[in-house]
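# Architecture and fold: a report
Letter by letter, the chains look like this.
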Amino acid sequence: LIGDIQLYLNATSDYVAVYYSNADLIKSANGSITTNTWHHVAVVRSGSGSNNTSLYLNGTRVAQATNTATLGASSGTARIGNYTATPSGGIHGYMSNVRIVKGTAVYSGTTYTVPTAPLASTGSETKLLLNMADGQALDSVAQNNMTLLGNADTSTTQQKFGTASLYLDGSSWATMPGPTYGTGDFTWEAWVYQ
């Protein structure tokens, strides 16, 4: 998802993982992502102690790890839906309500209540909010100019909230200027459907 640390779905073994420094930092169990189903995924880093990075799936913490590295989009570009700038290896499905929050751990503990309405801004900490308002792939906090690449487009075939979602065919993605996180807290979350 963002520069030197990425959130991705593995469609072969049906899991979600956070990739960092050439390896999976944390991942859910194989088979935890089912097809033709919306899943709420969140990655949260809180503090600098041990087990400070958590991966949540549908409101339940499924993995923890320690990551105290200085993070940011080293290329200056963040990608949504694909971890490289080449047309392969990306998400094949739909995304909705993508939110990036810098400086705040939105979720904590072992469980949280999964959002039942479109995500909203948390204030100035929200660096991206792609909630598909009005069926458009626009940043609702107006901080980023999104560029859709390949066949990435809005679609009314599947939607979590509202009338559309972002469709990605495995060879397409969206880009935006990449935020830097330093060593601070952050939250990434999205609804995904494959």
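The structure contained in this document is the topic of the report that follows. (Residues numbered from 1 in each chain as written. Predicted model: local features only at pLDDT ≥ 70, side-chain atom pairs only at ≥ 80, totals over all residues. Heavy atoms only, no water.)

### A few points about the overall build of the protein chain
As a reminder, the rule being used: Note on conventions: DSSP H or I runs of at least 4 residues are helices, E runs of at least 2 residues are strands, and numbering of each starts at the N terminus. Classification of residues uses two cut-offs on accessible area relative to the type maximum, computed with a 1.4 Å probe and protein chains only: under 20% is buried, over 50% is exposed, and between them is partly exposed. Note that accessible areas follow from Shrake-Rupley with a 1.4 Å probe, and for residues the cover is restricted to the protein chains shown.
Each helix and strand in the protein chain was counted, giving zero helices and 16 strands. Here the protein chain holds 194 residues, and the buried ones make up 48% of them. A total accessible area of about 8,100 Å² is found for the protein chain, and carbon and sulfur atoms account for 46% of it.

### Re unusual backbone geometry
One non-glycine residue with positive phi stands out, namely Asp14, at about 55 degrees. You can call Asp14 partly exposed: its relative accessible area is 21%. Look at Asn97: it is not a glycine, yet its phi comes out positive at around 55 degrees. In this fold, Asn97 is placed in strand β9 (residues 92-102).

### Quick look at the packing of aromatic side chains
Convention followed: Between rings of Phe, Tyr and Trp, where Trp is taken as its six-membered ring, a pair exists when centres lie within 6.5 Å; planes separated by under 30 degrees are stacked, by over 60 edge-to-face, and by other angles tilted. Whether a charge sits over a ring comes down to the Lys NZ or Arg CZ being within 6 Å of the ring centre and within 35 degrees of the ring normal.
Considering all chains together, one arrives at eight aromatic pairs under this definition. With a centroid separation of 5.1 Å and an interplanar angle of 70 degrees, the aromatic rings of Tyr56 and Tyr112 are classed as edge-to-face. Pair noted here: Tyr56 is in strand β5 (residues 53-57) and Tyr112 is in the loop between β9 and β10 (126-130), with a separation of 56 residues, a long-range link. Comparing Tyr56 with Tyr112, the two get one shared label, buried. The ring of Tyr15 carries the charged tip of Lys27 above its face, separated from the ring centre by 3.8 Å. For Lys160, the ring lying beneath its charged end belongs to Trp191, and the centroid distance is 4.2 Å.

### Some remarks on the side chain of Gln194
Keep this limit in mind: The term polar contact refers here to a pair of N or O atoms within 3.5 Å; inside protein, the definition further demands a hydrogen-donor-capable atom paired with an acceptor-capable atom, and it admits residues adjacent in sequence only when both atoms are side-chain atoms. What makes two residues a contact is simply this: any of their non-hydrogen atoms within 4.5 Å.
Looking at where Gln194 falls in the secondary structure, it is placed in the segment after β16 (186-193). The buried category is assigned to Gln194, whose relative accessible area is 15%. Side-chain polar atoms of Gln194 contact the side chain of Asp14, separated by 3.4 Å. The contact partners of Gln194, leaving out residues within four places of it in the chain, are Leu9, Ala11, Asp14, Ile33, Thr34, Thr35, Asn36, Thr37, His92 and Gly93.

### Describing the environment of His39
Note that His39 resides in strand β4 (residues 38-45). Separated by 154 residues in the primary sequence, His39 and Tyr193 have C-alpha atoms spaced 6.4 Å apart. Discounting residues that sit within four places of it in the chain, His39 has contacts with Ser32, Ile33, Thr34, Leu57, Asn58, Ala190, Trp191 and Val192. A polar atom in the side chain of His39 sits 3.1 Å from the backbone nitrogen of Thr34. Among the polar contacts made by the side chain of His39, one reaches the side chain of Asn58 at a distance of 3.0 Å.

### Side note on the side chain of Ser96
Relative to the assigned elements, Ser96 resides in strand β9. A distance of 2.9 Å separates polar atoms of two side chains, one belonging to Ser96 and the other to Asn97. Sequence-distant contacts of Ser96, defined by excluding residues within four places in its chain, comprise Trp38, Leu130, Met132, Lys160, Phe161, Ser165, Ala190 and Trp191.

### Considerations on the nonpolar core
In plain terms, the rule: By nonpolar core we mean a set of buried residues, namely Ala, Val, Leu, Ile, Met, Phe, Trp, Tyr and Cys, connected to one another through side-chain atoms within 4.5 Å.
Leu7, Val16, Leu55, Ile80 and Met95 are the most contacted members of the largest nonpolar core, which totals 31 residues. Residue contributions to this core peak at four residues, all from β16. Apart from the residues lying within four places of it in its own chain, the contact partners of Met95 are Trp38, Ile80, Gly81, Ser165, Leu166, Leu168, Ala190, Trp191 and Val192.

Purely geometric stuff here, so don't read any function into it on its own.
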